[in-house]
Amino acid sequence: MRLPFSIVTASIFDSVEFNERLFFPRADRSRCPPGARDHFVSVSEGAALHVRVYDRPSPRAAVLFFHGNGE
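Residues numbered from 1 in each chain as written. Predicted model: local features only at pLDDT ≥ 70, side-chain atom pairs only at ≥ 80, totals over all residues. Heavy atoms only, no water.

K.L.:
Tell me about the overall build of the protein chain, and please be specific about residues and values.
P.N.:
Summing up its helical and strand segments, the protein chain has one helix and two strands in all. Going from the N terminus to the C terminus, the protein chain shows its helices and strands as α-β-β. When the 71 residues of the protein chain are sorted by exposure, 1% land in the buried category. If you take every contact in the protein chain between residues at least 6 apart in sequence, the share linking residues at least 24 apart comes to 18%. Entry remark: accessible area of the protein chain is about 7,300 Å², with carbon and sulfur atoms responsible for 60%. (Helix = DSSP H or I, 4+ residues; strand = E, 2+ residues; numbered from the N terminus. Buried < 20%, exposed > 50% of the residue type's maximum accessible area, 1.4 Å probe, protein only. Contact = heavy atoms within 4.5 Å. Areas by Shrake-Rupley, 256 points an atom, 1.4 Å probe, with all protein chains shown as cover.)

Structure representation (structure tokens):
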């Protein structure tokens, strides 16, 4: 029997308990190297994304890198 698309099943990946144990933020930060700038982008109250921008003359491309969990 095929289920209609409107039925959504719950997943363990959607549970708060599961997701609370996934991310382990570190309190320390590395120093910004010469030729780079650090920025913090607010995404919600009390949460921000760290962005490190490296200056290069005549850039031809940009790389967006998400370092993942555990840093």
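K.L.:
How would you sum up a nonpolar patch on the surface? Please name residues and give values.
P.N.:
Taken together, the side chains of V41, V43, L49 and V51 present a nonpolar region at the surface, about 310 Å² in accessible area. Those elements giving two or more residues to the nonpolar patch turn out to be β1 (36-44) and β2 (47-54). Looking at where V51 falls in the secondary structure, it is placed in strand β2. For V51, a relative accessible area of 32% corresponds to the partly exposed category. (Patch = residues over 30% accessible without salt bridge, like charges linked within 9 Å, V, L, I, M, F, W, Y side chains within 5 Å. Salt bridge = Lys/Arg side-chain N within 4 Å of Asp/Glu carboxyl O.)

K.L.:
Can you lay out the confidence of the model for the protein chain for me, pointing to particular residues and giving the numbers?
P.N.:
Put simply, the protein chain has an average pLDDT of 77, and 75% of its residues get 70 or more. Across the protein chain, β1 holds the top mean pLDDT of 90, while helix α1 (residues 16-20) sits lowest at 80. (pLDDT = per-residue confidence, 0-100.)

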